[in-house]
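A structural walkthrough
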Amino acid sequence: MLFSNIIGQEDIKEQLINSVVQNRMSHAIVLLAPEGTGGLPLGLAFAQYLVCEDKQADGACGKCQACIKAAKYIHPDIHFSYPVIPRKPGDKPVSTDYAAEWREFIVAQPYGNAYDWLQFIGAENKQGNITATECQDIIHKLSLKSFESQYKILLMWMPEYLGNEGNRLLKLIEEPPPNTLFLLIAENQEQILATILSRTHLIKVNPLPKEVMVEALISRAQIAPAKARQAATIAAGNYREALYLLQNSDDDYHELLRNWLNYIFTGNRSALQEWVDTVAKMGRENQKQFLRYFINLLEHTLRLKYIDKSLLAFSEEETDFAAKLQKLANLQQMELIMQELDSACYYVERNANAKLLFHALSIKLQYIFKKRPIPMM
Ligand SMILES: [Zn+2]
């Protein structure tokens, strides 16, 4: 991966290159990059830059032997660590068990998240893990002399998946062998072991600006400009989400939402029950996207009050819908709804029972629309 293949993030690229040029690179870095902002691509490009034998002002040369190996993700001094699942019960898996799948995944979905990866290796509902065995493997790998490059690099993707066994790595992170780089690529700061965080240099990656994202959707994913603008508006700087929204037509969510609000308003219990059953079967990721879709729509509805409609990249259907929502709920009600949707997202991520969750959420929305205090549930 070359820096030039990455969407935006020019400041981070420059910062990483400068740290090497000026010989002040930290030996343990956490790249904190929210979902869909390019943390993994940045890490891959930086690793290739470090091993490149003919470094250029804007990154690796892309042509030398080291670059050729790094670009295929087979350079012997670039080690990868990432969450995995046991192939069969009782297995103690290490990341390299999935090396072939990993190489395929980072080529196919460099902006993917841990969920995408775990589905890619067939985890279904199993939780991924960076295991104690993996930590031992890392310690072993980094104790070896580097093979071809001046540097030895461990790129760990999603250190959030390290449990307390991650503490086995502390000594190595604190006193690494010479020319060793720990490059941890994370999405959620709160989920990284504090003991690791306190020993690393933190670099924060920002969400992609809308215009950068629109341009990338048009040039990389061949999306029509109007659609690209709409997806970029909703995805709020998250390239993965923009692609996801485009692949899973908004129309479905729109229809789903319209029905939901309709049943809530008419108090149609049996239809509502059926609706909840349908949503419960959609799967966690889809439920989350649906809730986000509603949140984004509410945000846009709120904005509609204050700015010129023509400035918003909105479909006609959605603009109509937003206008209707404005009549149904005032500012305070919309904010309450957003809070409830946010909290529902949180629980969906944590595997809450979907039927109970959407049932309770429907009741809460009924109360909010009727301007009655929300019951404790
Ligand atoms: Zn090179």
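Residues numbered from 1 in each chain as written. Predicted model: local features only at pLDDT ≥ 70, side-chain atom pairs only at ≥ 80, totals over all residues. Heavy atoms only, no water.

Examining the packing of aromatic side chains
The criterion, for reference: Two rings belonging to Phe, Tyr or Trp (six-membered ring only in the last case) form a pair when the distance between their centres is within 6.5 Å. Interplanar angles under 30 degrees mark stacking, angles over 60 mark edge-to-face geometry, and anything in between is tilted. Only runs of H or I of at least four residues qualify as helices and only runs of E of at least two qualify as strands under DSSP, and these elements are numbered from the N terminus. Relative accessibility under 20% of the residue-type maximum defines a buried residue, over 50% an exposed one, and the middle range a partly exposed one, all with a 1.4 Å probe and only protein chains included. Two thresholds decide whether a charge sits over a ring: the Lys NZ or Arg CZ must be within 6 Å of the ring centre and within 35 degrees of the ring normal.
The final tally for this structure, using the stated rule, is 23 aromatic pairs. Seen in terms of ring centroids, Trp102 and Trp117 are 5.4 Å apart; in terms of plane orientation they differ by 90°. Their pairing is edge-to-face. Residue Trp102 is found in helix 4 (residues 99-108), and its partner Trp117 is found in helix 5 (residues 114-120); the two are separated by 15 residues along the sequence. Take Trp102 and Trp117: they sit in the same class, and that class is buried. Here the basic side chain of Arg350 rests over the ring of Tyr346, its NZ or CZ set 3.8 Å away from the ring centre.

Concerning the pattern of salt bridges
To be explicit about the condition: Just to be clear on terms, a salt bridge is a Lys or Arg side-chain nitrogen sitting within 4 Å of an Asp or Glu carboxyl oxygen.
Applying the stated rule across the entire model yields 14 salt bridges. Residue Lys88 pairs with Asp91 through a salt bridge whose shortest N-O separation is 3.6 Å. For Lys88, a relative accessible area of 54% puts it in the exposed group. Accessibility expressed as a relative area gives 27% for Asp91, which makes it partly exposed. A salt bridge links Lys355 to Asp277; the shortest N-O distance between them is 3.6 Å. Of this pair, Lys355 sits in helix 17 (residues 354-369) while Asp277 is found in helix 13 (residues 269-281), placing the two residues 78 residues apart along the sequence. Among the ionic contacts, a cluster of salt bridges with common partners joins Glu35, Asp116 and Arg240.

With respect to unusual backbone geometry
If you check the backbone angles, Met158 has positive phi at about 70° while not being a glycine. Looking at where Met158 falls in the secondary structure, it is placed in the loop between strand 3 (152-157) and helix 7 (170-174). Among the residues examined, Met158 registers a relative accessible area of 3% and is labelled buried. Here the phi dihedral of Gln222 falls at roughly 50°; this positive angle occurs in a residue that is not glycine. Within the secondary structure, Gln222 is located in the loop between helix 9 (210-219) and helix 10 (225-235).

Topic: the coordination of the zinc ion
What counts, and what does not: Because water is not among the atoms used, a metal site may look incomplete, as its donors are only the N, O and S atoms within 2.8 Å, or 3.2 Å for Na, K and Ca. Labels for metal geometry use angle windows, namely 85 to 135 degrees for all angles of a four-donor tetrahedral site, and for square planar (four donors) or octahedral (six donors) sites opposite donors over 155 degrees apart plus all others within 65 to 115; sites meeting none of these are irregular.
Note on the zinc ion: its protein donors are Cys52 (SG), Cys61 (SG), Cys64 (SG) and Cys67 (SG). The metal-donor distances range over 2.3 to 2.4 Å. Each of the four donor atoms around the zinc ion contributes to a set of angles spanning 105 to 117°, which defines the coordination as tetrahedral. Read from N- to C-terminus, the donor residues coordinating the zinc ion fall into the pattern C-x8-C-x2-C-x2-C. Of this pair, Cys52 sits in the loop between helix 2 (39-51) and helix 3 (65-71) while Cys64 is found in the loop between helix 2 and helix 3, placing the two residues 12 residues apart along the sequence. Across the pair, exposure class does not vary: Cys52 and Cys64 are buried alike.

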